[in-house]
There are 2 protein chains.
Amino acid sequence: MAGAWRPAPGLPEADLDTPALVVDLEALERNLDRMAAVARAAGVALRPHVKTHKSVTIASMQLERGAVGVCVQTVSEAEAMVGGGIRDVFVANEVVGAGKLRRLARLAREATITVCVDDPGNLDDLGDAVHRAGSSVGVMVEMNTAEHRAGVPPGEPLLRLAKQVDATPSLRFTGIQAYNGVAQHIRDHPSRLAATERNTSLVQESVDLLGRHGISCKVVSGGGTGTYNLEAASEVYNEIQPGTYVFMDADYLANRNRLGGPFRDFEVSLYVLATVMSRRPGIAIVDAGLKAISLGNGLPQVMGGGVVYKRFADEHGVLGPSGPPLPGLGKQVRLIPVNCDPTVNLYDHLVGVRNGEVDAVWPVDARGY
Amino acid sequence: MAGAWRPAPGLPEADLDTPALVVDLEALERNLDRMAAVARAAGVALRPHVKTHKSVTIASMQLERGAVGVCVQTVSEAEAMVGGGIRDVFVANEVVGAGKLRRLARLAREATITVCVDDPGNLDDLGDAVHRAGSSVGVMVEMNTAEHRAGVPPGEPLLRLAKQVDATPSLRFTGIQAYNGVAQHIRDHPSRLAATERNTSLVQESVDLLGRHGISCKVVSGGGTGTYNLEAASEVYNEIQPGTYVFMDADYLANRNRLGGPFRDFEVSLYVLATVMSRRPGIAIVDAGLKAISLGNGLPQVMGGGVVYKRFADEHGVLGPSGPPLPGLGKQVRLIPVNCDPTVNLYDHLVGVRNGEVDAVWPVDARGY
């Protein structure tokens, strides 16, 4: 694709062609260390969600620090991870469609694969596909956590599905997936905690119900960057699956922590580097628009403060003043996306910077489909 | 990257793994024929903007039908087009930054390259880079058409810049670029026409002013899918640069034509194919969210009507009923993006379908940076 151009190691960051997706490697490493330490201290498994970075290199860094495997959202991501040598992949999502089930079942010949189910018909199709491929796949029953999300209701419906998994020879019932999506960005800590506790009680009841029917949950998995420490401390979940913590973004920066201050458990380590390419009084246009930074949930923050990213087109962003003067023609700015996951998905490469210089260029291995 | 999986020609569309970016090839061909015919009849050059499809194949189809060359927005796109054999590329945008200017100047050794300027300092840098590369580059002075857009004000400022181009040996003054971005999606035709006429008068005045100073404009270029026929009939513009017409999208579908009816000069030929992957009463979740369809400017339309795409996450979209019943688990839906350009940029391949079967798979050559 486009991008025959690659920055060479040693190139000063200031000389990068833009827009570029830049990772502050030291901040990244601190984030990875911090989450690994939290999981260790809490005695839960860390299975980071790699949908955020889609990078085999960063997944490997997470495994080196003790992660038990990775989570992905799609069969494409699973294939990219396994192709890069990652040997334990949990597709934390349902897989529907004959083609995708075939691909998943085949992949299970090369690596340990686990997948979610929330429907008996899909479970049948999965069992058949895995049987035909001669492989074995782990299954987590996904518990519904909100009206607009996937998952089977807790209690009896969940038990029925778990029994069906148990009765399917090619499949291994592994446990319950209960990622509380709506809780992740609840801004104030008391409400976020309350939402987590309500969800966790339902999970506990389902674990107990399954237990009374002789079905034990080896894994109870959930928890994103917004609630990771809460599920970790719950004594119900034994695995957490945060993703965004590696990079952080403006959406999570807006959460508040337990003490009511800004959520800063992790540092912003990723930004889109852009250049001012046109300039008039009161207007500075940068070369990063909708195709360079995901704007589906809001406009990016300009690092350094004082300047506001006000509007956008496909390849342009318009900065307006908000105090300090606007940067001049040719100056670089650093943009923090509202959501880093879909922003990373726009790029073929992550540019890792250390001490103001390019240190590494990593492919976004699992970009696209 | 991800996507080792490719659909094979002959595969029924119903068997495609999703999400997939699908092109109805016959509708595409009709769109290409129609625009080529309009330009021919109006006696203007057609230089389609390939930022929409980023495909060397589709660009070639446009050239086969009489296009004089292509427009791109970035140096990356220019490199991908030239790399695919396209020999006349106009970067309808300013290029700022030493690295990008070097790449552009080098590219001009392999193909005819034209670029925009709106700043004297950038013009100096461009001239130097081209001189050092030993190449020659055409320059269009971009006229400002709205407060938040690039471009130099019409009249004297435009003349000054044109004179500066003329005085730079490595550069060829080619003409004026005046793409009226704000007019493209003005819904009612009389207002869209009025906005075009206001802009066109300013262009005419600048053309005349340059003429009185001995500088002739070989090319006067502008006009997108929303106004293509207006610039074509203006007798001021001699080149039009529409992009989106090849595919159409929900944003342009909302324009009204000269008779007050819906704008249907071109057909929707592109959609995101998605599959229902989770289902409960009143809820159908499809496997196409923010990473599969650009949502920066609004939610997609579901083809076939009656069902509404209500909310989204990164890899999921939630359909709610609006009359007819929701599709069942495993059923496919076709989503028309609000904006097709940034949607195409999410994919590595376009799947061309004819008579319900995969007919061709084309790389999105200029995807990303």
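Calculation rules
Residues numbered from 1 in each chain as written. Chains lettered and ligands numbered in written order. Predicted model: local features only at pLDDT ≥ 70, side-chain atom pairs only at ≥ 80, totals over all residues. Heavy atoms only, no water. Helix = DSSP H or I, 4+ residues; strand = E, 2+ residues; numbered from the N terminus. Rg over C-alpha atoms; globule rule 2.2 N^0.38 Å. Buried < 20%, exposed > 50% of the residue type's maximum accessible area, 1.4 Å probe, protein only. Contact = heavy atoms within 4.5 Å. Areas by Shrake-Rupley, 256 points an atom, 1.4 Å probe, with all protein chains shown as cover. Lys, Arg positive; Asp, Glu negative; His and termini not counted. Charge placed at Lys NZ, Arg CZ, Asp CG, Glu CD. Least-squares fit on C-alpha atoms with pLDDT ≥ 70 in both. Phe/Tyr/Trp six-rings, centres within 6.5 Å; stacked < 30°, edge-to-face > 60°. Buried area = accessible area lost by both parts, 1.4 Å probe. Salt bridge = Lys/Arg side-chain N within 4 Å of Asp/Glu carboxyl O. Polar contact = N/O pair within 3.5 Å; in protein donor to acceptor, adjacent residues only side chain to side chain. Nonpolar A, V, L, I, M, F, W, Y, C, P; charged D, E, K, R; others polar. Disulfide = S-S within 2.5 Å. Expected span 1.5 Å × (residues − 1). Axes fitted to C-alpha atoms, helices over the stretch in contact; angles between N-to-C directions. Parallel < 35°, antiparallel > 145°, perpendicular 65-115°, else oblique. Left-handed = near helix turned anticlockwise from the far one by under 90°. pLDDT = per-residue confidence, 0-100. Pairing = 2+ DSSP bridges. Right-handed = clockwise from strand over helix to strand, strands pointing away.

Some thoughts on the overall build of chain A
Stage number 1. Check the secondary structure of chain A and you find 10 helices and 17 strands.
Stage number 2. Computed over its C-alpha atoms, the radius of gyration of chain A comes to 22 Å, within 12% of the 21 Å expected for a compact globule of 369 residues.
Stage number 3. Dimensions of chain A along its principal axes, counting C-alpha atoms only, are 70 × 45 × 35 Å.
Stage number 4. Burial analysis of chain A (369 residues in total) assigns 63% to the buried set.
Stage number 5. Taking as baseline every contact in chain A between residues at least 6 positions apart, the subset at least 24 positions apart corresponds to 66%.
Stage number 6. Entry remark: accessible area of chain A is about 12800 Å², with carbon and sulfur atoms responsible for 49%.
Stage number 7. Charged side chains in chain A number 36 positive and 41 negative. The centres of these two groups are separated by 3 Å.

Here's the deal with the environment of B:Asp124
Stage number 1. Structurally, the position occupied by B:Asp124 is in helix H5 (residues 120-133).
Stage number 2. Spatially, the C-alpha atom of B:Asp124 lies 8.9 Å from that of B:Val165, the residues being 41 residues apart in sequence.

Quick notes on the relation of the copies chain B and chain A
Stage number 1. After a rotation of 180 degrees and a shift along the axis of 0.0 Å, chain B superposes on chain A with an RMSD of 0.0 Å. Classification of the inter-copy transformation places it as that of a two-fold axis. Looking at the rotation axis and the C-alpha trace of chain B, the residue lying nearest is B:Gly296, at 2.1 Å.
Stage number 2. Looking at the interface residues of chain B, 100% of them are also at the interface in chain A, so both copies use one shared face.

Notes on the packing of aromatic side chains
Stage number 1. Tallied over the entire structure, the rule returns 10 aromatic pairs over all chains.
Stage number 2. Between A:Tyr369 and B:Tyr347 the ring centres are 5.8 Å apart and the planes differ by 35 degrees, which places this aromatic pair in the tilted class. With A:Tyr369 in the segment after strand E17 (357-363) and B:Tyr347 in the loop between helix H10 (340-344) and strand E16 (349-354), the pair connects residues from two separate chains.
Stage number 3. According to the relative accessible area criterion, A:Tyr369 is buried, its value standing at 14%.
Stage number 4. Members of the aromatic cluster, each reached through a chain of ring pairs, are A:Tyr228, A:Tyr245, A:Tyr252, A:Phe263 and A:Phe266.

Some thoughts on the side chain of A:Asp251
Residues and elements named next belong to chain A.
Stage number 1. As for its position among the elements, aspartate 251 is in helix H9 (residues 250-253).
Stage number 2. Judged by its relative accessible area of 14%, aspartate 251 is buried.
Stage number 3. Those residues within four positions of aspartate 251 in sequence are excluded, and the remaining contacts are His185, Arg187, Val338 and Asn339.

Considering the interface of chain B and chain A
Stage number 1. If you look at the interface, chain B gives 67 residues, while chain A gives 67 residues.
Stage number 2. Interface area, chain B with chain A, both sides summed: about 5300 Å², of which 54% is carbon and sulfur.
Stage number 3. If you look at where chain B meets chain A, you find 6 salt bridges.
Stage number 4. Between B:Lys100 and A:Asp287 there is a salt bridge, with the nearest N and O atoms lying 2.8 Å from each other.
Stage number 5. Across the chain B-chain A interface, the total number found is 26 residue pairs in polar contact (both at pLDDT 80 or more).
Stage number 6. If you list the elements that add at least two residues to the side of chain B that touches chain A, you get helix H3 (75-83), strand E4 (88-94), helix H4 (98-107), strand E10 (270-280), strand E11 (283-286), strand E13 (307-312) and H10 of chain B.
Stage number 7. Top contributing element to the side of chain B that touches chain A by residue count: E10(B), with 5 residues.
Stage number 8. Per-class residue counts for the side of chain B that touches chain A are 25 nonpolar, 21 polar and 21 charged.

Overview of the pattern of salt bridges
Stage number 1. Per the counting criterion, the structure on display carries 32 salt bridges over all chains.
Stage number 2. For B:Asp88, the salt bridge is made with B:Arg47, and the minimal N-O distance between the two is 2.8 Å. Of this pair, B:Asp88 sits in strand E4 while B:Arg47 is found in the loop between strand E2 (45-46) and helix H2 (56-64), placing the two residues 41 residues apart along the sequence.
Stage number 3. Judged by its relative accessible area of 22%, B:Asp88 is partly exposed.
Stage number 4. According to the relative accessible area criterion, B:Arg47 is buried, its value standing at 8%.
Stage number 5. Sharing partners across several salt bridges, the network here consists of A:Glu26, A:Glu29, A:Arg354 and A:Asp359.

Brief notes about the state of the cysteines
Stage number 1. In this structure the tally under the stated criterion is 0 disulfides over all chains.
Stage number 2. Cysteine A:Cys217 is unpaired, with the sulfur of A:Cys116 as its nearest cysteine sulfur at 13 Å.
Stage number 3. Left without a disulfide partner, B:Cys340 is nearest to the cysteine sulfur of B:Cys71, which lies 16 Å away.

Concerning helix H1 (residues 25-42) of chain B
Residues and elements named next belong to chain B.
Stage number 1. The terminal C-alpha atoms of H1 lie 26 Å apart, and with 18 residues this matches the ideal 26 Å at 1.5 Å per residue to within 8%.
Stage number 2. Along H1, the positions that sit buried rather than exposed are Leu25, Ala27, Leu28, Asn31, Leu32, Met35, Ala36 and Ala39.
Stage number 3. Its side-chain oxygen at 3.2 Å from the backbone nitrogen of glutamate 26, aspartate 24 defines the N-terminal cap of H1.
Stage number 4. Of the residues flanking the end of H1, it is glycine 43, one or two places downstream, whose phi is positive at about 70 degrees.

As for the packing of helix H1 (residues 25-42) of chain A against helix H2 (residues 56-64) of chain A
Residue and element names in this part refer to chain A.
Stage number 1. Where H1 contacts H2, the axes come no closer than 9 Å and their chain directions differ by 40 degrees. One finds that H1 runs oblique with respect to H2. Regarding H1 and H2, the two cross each other, and that crossing is right-handed. Only Ile58, Met61 and Gln62 of H2 make contact with H1, whose side of the interface consists of Leu28, Glu29 and Leu32.
Stage number 2. Considering only residue class, the contact of H1 with H2 consists of 4 nonpolar, 1 polar and 1 charged.

Here we look at the packing of H3(B) against H4(B)
Residue and element names in this part refer to chain B.
Stage number 1. At their nearest, the axes of H3 and H4 sit 10 Å apart, and the two run at 25 degrees to each other. Relative to H4, the element H3 is oriented roughly parallel. Crossing geometry of H3 relative to H4 is assigned as left-handed. Along the contact surface, H3 presents Val75, Ser76, Ala78, Glu79 and Val82, while H4 presents Lys100, Arg103, Leu104 and Leu107.
Stage number 2. Taken together, the residues of the contact of H3 with H4 sort by class into 5 nonpolar, 1 polar and 3 charged.

A word on the confidence of the model for chain A
Stage number 1. Taken over all residues, the pLDDT of chain A has a mean of 96, while the share at 70 or more is 98%.
Stage number 2. Per the prediction output, this complex has pTM 0.96; the corresponding ipTM is 0.95.

Some details on the pairing of strand E7 (residues 171-177) of chain B
Residue and element names in this part refer to chain B.
Stage number 1. Burial within E7 is extensive, with 6 of its 7 residues counted as buried.
Stage number 2. In the sheet, strand E6 (residues 137-142) pairs with E7 via 6 bridges, with the strands oriented parallel. Each residue of the ladder has a partner; that of glutamate 142, found in E7, is glutamine 177.
Stage number 3. One crossover worth recording links E6 to the parallel E7 by way of helix H6 (residues 156-166), and it is right-handed.
Stage number 4. Bridging between E7 and strand E8 (residues 219-222) involves 3 bridges; their strand directions are parallel. Its bridge partner lying in E8, glycine 175 is registered against valine 219.

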